[in-house]
Structures are given as structure tokens and as C-alpha cells.
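# Structural features, examined
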Amino acid sequence: MSEVVLHCEKITQRFSGLIAVSDVTMDIYQNEIVGVIGPNGAGKTTLFNDITGIYRPTEGTVTFAGEDITGLAPHKITAKGMTRTFQNIRLFDNMMVLDNVLVGLHSANKASIVESMLRLPRDRREEKESLRRAEEVLELTGLYEYRYNYANSLPYGLQRRLEIARALASRPKLILLDEPAAGMNEQETSELLVFIQQLKKMGNTIILIEHDMRLVMNLCDRIYVLDHGMLIANGTPDEVRSNPQVITAYLGEEV
Amino acid sequence: MFFQQFINGLAVGSIYALVAVGYSMVYGVLKLINFANNAFMVAGAFLIVLLYSWWHVPYWLTVILSLFLCGAGAVFMERASLNPIRKKGAPGISALICTVGYSTVITNLLLYIFGSQTIAVPSFSTFSTFTLLGAVIDPFTIIILATALVMMILLTWLTYGTKYGEAMRAISQNSVATQLMGVNVNRIITITFFIGTVCAALSGIMIGIYYSAVDTTMSFTIGIKAFAAAILGGIGILHGSLVGGLVVGLLETFVAGYISAGYKDAIAFVILILVLIIRPSGLFGKQTQQKV
């Protein structure tokens, strides 16, 4: 088996009495697509927030690329090579598509404020490289022709795609997608499926939260199922589909 | 007469504009009105008195130290108070009242050190006035105009031409997403406070030299007009602050010159209110339409 990219060890997240995530242990291997599913309120997004540093887990540890990152500030975790998208789109609406991608690339650049203001050699070199990479990513994601459009002028499906492009730009070791197909029509979802498969072929490692079962079952190598904050099953799509606990969680118990 | 008032208005307006930039920049990233901004403005002038008149530090160094100390003070306020308040997810109003608190503490500290009387602010040079188109012009007004213009160009370049400005604009649109793009949001906020406050302190110094006097009430009298200028131009928008400052400055001097010096503030504010009724988001603010 290939290398472990992300290891979550017994993660628990409490919010003043409410247990949102309870004792979750999971491993993500290189070049896998892993799905996290579960009914509404199962703690999926909270788990993402624990992993990406928006919350600090109450208990447990997150190990990323062999390094303990539990409780690190989000921008530091991003700098280590983990990026994400959001359930509700969080683009920079009043910026051009190109600038949306550049924000993420710029954060890795080293030029100081004085170097930037005077356009000194290091800043110029970094700017050139950022721009090249941003255009490359936009081409890869089919957004190149929209690069000078404002983000909020894109149709919905393309806005979702731009979020992924933005996450992809810094060549992350791991990408977390929070409900990438939310609000998409069937056509857009099928395009998304092909797109994410392409990302895998390019060597990316992806975790995704998703409600669209067809997408999850077709896309994921492995699936973790959460219910009431607890991990109730994990395995291949076929294993999960036939797991009685999963069926109960989704459909309710037989009366 | 007209030209004279025009030049005076421009000079005062440029000063308002620079203070307005201080409000505008912080508002741009945090959606917070930093009421300590006006206290730092007068502190800038008082520090010139302290360092130059009392301690005899070379003038150029006095200016640099004054700007730096005011900037550092604002950074302290952000790090020690505003940042912890934000982290705890408090409503914006808590941070706002915190800046009012800092403003009061700073002006009281200045009162304690310098007393309540008006104090003379020394200039770095004596200027002999000259006459142009029938107007008596103090060369220092030209320095004020030039300084304001240069600062505006620098700040516009910073905001729209560098990655730091891009990060500021990104934070103003979505702070969480910006952080998850790997941007150290707190660092950018600190930089913004520093630069905004340096602008305010710089204008404080120039007001002090222009009127050859400073007292703590200027924190309110000038501060409120600069704040009005920021709103008039469209708060959060840099060139809006410049235009807003100039409009308020010109309005005030023309009203004083042609109508009544005693009622200049009241009349200037009435006009301002009228403008805001017509354009509620300010001259350059985007008119937002609420979707139902």
C-alpha cells in the first residue's frame, strides 16, 4: 500500500456539551479519492474544519505528511500543502477569476512589502511564476477563457470549478472538497465526476464530502460513513452500500 | 478671494483625506470603524512637541519616530485587544467600543502629559508666503498637497498593484477563505492598522504645523470631519477618501468664506447629509441592491 498522507487519530470535537465529532480515526493514502458521507448533521464539515485548522479538535491528533498539525493555524496548514473548498461557495466575488487563483499562490511567495512595492527582482520573479502557474491551472480546469471575468459573473457550475482550481493551484498534497456537487444539475454533476477523475489521474489525493450517492459511489476508492459524529462504517463503495448499519442510518430502522 | 479659499480648502481637505484613509483602510479589511484613528492623529502632533521642543531630537528623526510610535500603538491595540475580541467571535460592536476606549485613553494620556491648553507645534522650517493670482500662499500648503498626493499614489499602488493589497481585498471579501488560501490574515490586518495609523499621524503632524498649534479637542473636531469624508467618499474605497476629504475641506472653507465662518461646520454637514440621502453608500460606494 502507498504512503499515508493524512492520519486522524481519535478526533473528538465538542461544542459546549454537544459532541459533533466523536472518536474518529481515519487514514488517507496517496492518490486516493476518499468519500465522507453521512446524514445531515453527522459532523462531516466539522471533521473537515478540525483537519484544516478552523477548529482545534477537543481530543485527538491530526498527522499530515508525517507531521503533527493538530491545532495549527489554518494558513500554516495550507502552507504545508492542504487546501479545501467550501460547502457554500466562498470565492472572492468582486475579483477576476485569475486573481482568485493568484491569492492562493501569492501566499507562498516570500517578497516583503517593500520588495513588492518597488517591484524588486525577487518579487518580479515570483509574480511571473505565480501568473504562469495560475494560467496553467485555469487551462487545466477549462476556465482560461474566463480569466478576466469577475468570479460572481460565472455560472454556478463554473464557480464550483473555480473553487477547485483555486485549491489546486498551489500543488497541494491533499485536497478537501466539501460538497462539490451541491446545487448542481445532472449535467454539471456528470462533468464534475469526469473532472475529479482527471484530478486523480494527475496524481492528486482527494477527500470529499458529498450527498450525491451516484457521484460518491462512482468516484471514491474508499468511503467513511459518519452518523451522529461517530464513524459507523468504512470500506469500498460496495462494502459500504451493503452495510446494514449504513442502511439504518440513512433509511431509519424497520418498524 | 475664490482662489485663496480654493487653495486653503485643498490644504485642509488633503489633511482630512489622509485621516479618512486611516478609517477607510481598516474598515476595508475588518468592517470596523477604528475610532482610535483620530486619537493617533493628534498623538502624532503631540509627539513632535515632546520629541523636538522638549527633548531636542533632530526634526527629521522626530517625524519618523512619531509616525512609527503611532503605528506601533495601533498595532499594539490590534494585537492586545481587537484580535482577541475577534477570535472569540464577538459581534463587531465590541471591537468598535474597544477602539473608542483606546481613543479616550490616548487623549487622556495626552491631556495628562501636555495639559489642556493649546500647544505650539514647531515647524521644520520657516516659510515666507508668496502671492499667486491674488492669493497669499503659504508654501507649506503645497507640501501638504504633495504629501497627500504621494501617499495616495503609494497606497493605491499597494492596494491594487501588489500581492499585499490583493490579500487585503481578499480579506475584505471573505476572511475565512483568504486564510485557507494560506494567507496570514492577522499579519495583513496588522500591516493595515500600521499603515492607516501612519497616515493619520502624518496628517496630525501637518495640521499641527499648518495651524502651528495642537490641542486634544482636535481629535474630535478634525476626526469627525475626516470620518465624514471617509463616509462621503464611500468608506473602504481609497480614492473615495481622497475625494471625500477634498470635498469636505473645500465645502468648509467656501462656506466660511462666502456664507458664515461661525456656521461653517453646520452648513458643511447639512450639505453632506443631503449628498448621503442621494447616494447612501457615498460618492464612490457601490449601490447595493438587497435581493429579496
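Here we take up the overall build of chain B. For chain B, the helix and strand inventory stands at 11 helices and 4 strands. Across its three principal directions, the C-alpha atoms of chain B cover 60 × 50 × 35 Å. In chain B, which comprises 292 residues, the share counted as buried stands at 51%. Considering only residue pairs separated by 6 or more positions, chain B has 76% of its internal contacts joining residues 24 or more positions apart.

Another aspect to go through is the overall build of chain A. Helix and strand counts for chain A stand at 10 helices and 10 strands. With respect to the principal axes defined by its C-alpha atoms, chain A has extents near 70 × 40 × 40 Å. Every one of the 255 residues in chain A was classed for burial, and the buried ones make up 41%. Look at the contacts in chain A between residues 6 or more apart in sequence, and 65% of them connect residues 24 or more apart.

Residues and elements named next belong to chain A. By domain assignment, chain A separates into domain 1 (1-81 + 172-255) and domain 2 (90-171). Summarising the inter-unit geometry, the C-alpha centres of domain 1 and domain 2 are found 26 Å apart. Every contact between the two is made by 11 residues of domain 1 and, on the other side, 11 residues of domain 2. Every element with two or more residues in the side of domain 1 that touches domain 2 is listed here: helix 2 (74-79), strand 7 (174-178) and helix 7 (186-201). The biggest single contributor to the side of domain 1 that touches domain 2 is helix 7, with 3 residues. Looking at the side of domain 1 that touches domain 2, its residues break down into 7 nonpolar, 2 polar and 2 charged.

With that settled, consider helix 4 (residues 92-114) of chain B. Residue and element names in this part refer to chain B. Its 23 residues give helix 4 an end-to-end C-alpha distance of 33 Å, which sits within 8% of 33 Å, the value for a rise of 1.5 Å per residue. Restricting attention to buried positions, one finds in helix 4 the residues A95, C98, T99, Y102, S103, I106, T107 and L110. Buried residues in helix 4 make contact with helix 2 (36-54), helix 3 (59-87) and helix 9 (218-233). Phi turns positive, to about 80 degrees, at G115, one or two residues after helix 4.

The next thing to look at is the interface of chain A and chain B. Contacts between the two partners involve 25 residues from chain A and, on the opposite side, 22 residues from chain B. Contributions of two or more residues to the side of chain A that touches chain B are made by helix 2, helix 3 (97-106) and helix 4 (113-118) of chain A. For the side of chain A that touches chain B, the leading source of residues is helix 3 of chain A, giving 5 residues. Grouping the constituent residues of the side of chain A that touches chain B by class yields 10 nonpolar, 10 polar and 5 charged.

A word on the packing of helix 5 (residues 139-161) of chain B against helix 6 (residues 163-173) of chain B. Residue and element names in this part refer to chain B. Where helix 5 contacts helix 6, the two axes come as close as 5 Å, and the packing angle between them is 70 degrees. Relative to helix 6, the element helix 5 is oriented roughly perpendicular. Two secondary-structure elements touch here, helix 5 through L158, T159, Y160 and G161 and helix 6 through Y164, G165, M168 and R169. Split into classes, the residues belonging to the contact of helix 5 with helix 6 amount to 4 nonpolar, 3 polar and 1 charged.

All right, on to the pairing of strand 10 (residues 230-235) of chain A then. All names here are of chain A. Strand direction decides the pairing type here: strand 9 (residues 222-227) and strand 10, joined by 5 bridges, are antiparallel. Along strand 10, the bridge assignment pairs D227 with M230. Hairpin connection between strand 9 and strand 10: a loop of 2 residues separates the two successive antiparallel strands, and H228 in this loop has a positive phi of roughly 45 degrees.

Residue and element names in this part refer to chain B. As a packed pair, helix 2 and helix 8 (residues 185-211) sit with axes 7 Å apart at the nearest point and diverge in direction by 50 degrees. With respect to helix 8, the axis of helix 2 lies oblique. Where helix 2 crosses over helix 8, the two elements pack in a sense that is right-handed. Between helix 2 and helix 8, the residues in contact are N37, F40, M41, V42, A43, G44, A45 and I48 and G196, T197, A200, A201, L202, S203, G204, I205, I207 and G208, respectively.

It is worth spelling out helix 9 of chain B at this point. In a regular helix each residue adds 1.5 Å, so 16 residues correspond to 22 Å; helix 9 of chain B covers 22 Å between its end C-alpha atoms and thus fits that length. Just beyond helix 9 of chain B, the residue with positive phi is B:G234, at close to 105 degrees.

Residues B:L18, B:F40, B:A43, B:I188 and B:A201 are the most contacted members of the largest nonpolar core, which totals 164 residues. Residue contributions to this core reach at least three from each of two domains, namely domain 1 (1-81 + 172-255) and domain 2 (90-171) of chain A. When sequence neighbours within four positions are dropped, the list of residues in contact with B:F40 reads B:C70, B:G73, B:A74, B:I106, B:T197, B:A200 and B:A201.

In this section: the pairing of strand 3 (residues 33-37) of chain A. Residues and elements named next belong to chain A. Taking burial as the measure, the 5 residues of strand 3 include 5 buried ones, the bulk of the element. Going residue by residue along strand 3, you find I33, G35 and I37 tucked away on one face and V34 and V36 tucked away on the opposite face as well. Two strands pair when backbone bridges link them, and strand 3 and strand 8 (residues 206-209) are joined in this way by 4 bridges, in the parallel orientation. Looking at the pairing, G35 lines up with L208 of strand 8. Both strand 3 and strand 9 contribute to a ladder of 4 bridges, which runs parallel.

This part covers unusual backbone geometry. Residues and elements named next belong to chain A. A positive phi is found at N31, a non-glycine position, where the angle reads about 65 degrees. Mapped onto the secondary structure, N31 falls in the loop between strand 2 (18-29) and strand 3. Notably, E179 is not glycine yet its phi reads approximately 50 degrees, a positive angle. By secondary structure assignment, the location of E179 is in the loop between strand 7 and helix 7.

Rules and cut-offs
- Residues numbered from 1 in each chain as written.
- Chains lettered and ligands numbered in written order.
- Predicted model: local features only at pLDDT ≥ 70, side-chain atom pairs only at ≥ 80, totals over all residues.
- Helix = DSSP H or I, 4+ residues; strand = E, 2+ residues; numbered from the N terminus.
- Buried ≥ 20, exposed ≤ 12 C-beta atoms within 10 Å, placed from the backbone.
- Contact = placed C-beta atoms within 7 Å.
- Domains from an automatic or database assignment.
- Nonpolar A, V, L, I, M, F, W, Y, C, P; charged D, E, K, R; others polar.
- Expected span 1.5 Å × (residues − 1).
- Axes fitted to C-alpha atoms, helices over the stretch in contact; angles between N-to-C directions.
- Parallel < 35°, antiparallel > 145°, perpendicular 65-115°, else oblique.
- Pairing = 2+ DSSP bridges.
- Left-handed = near helix turned anticlockwise from the far one by under 90°.
- Core = buried A, V, L, I, M, F, W, Y, C linked by C-beta atoms within 7 Å.

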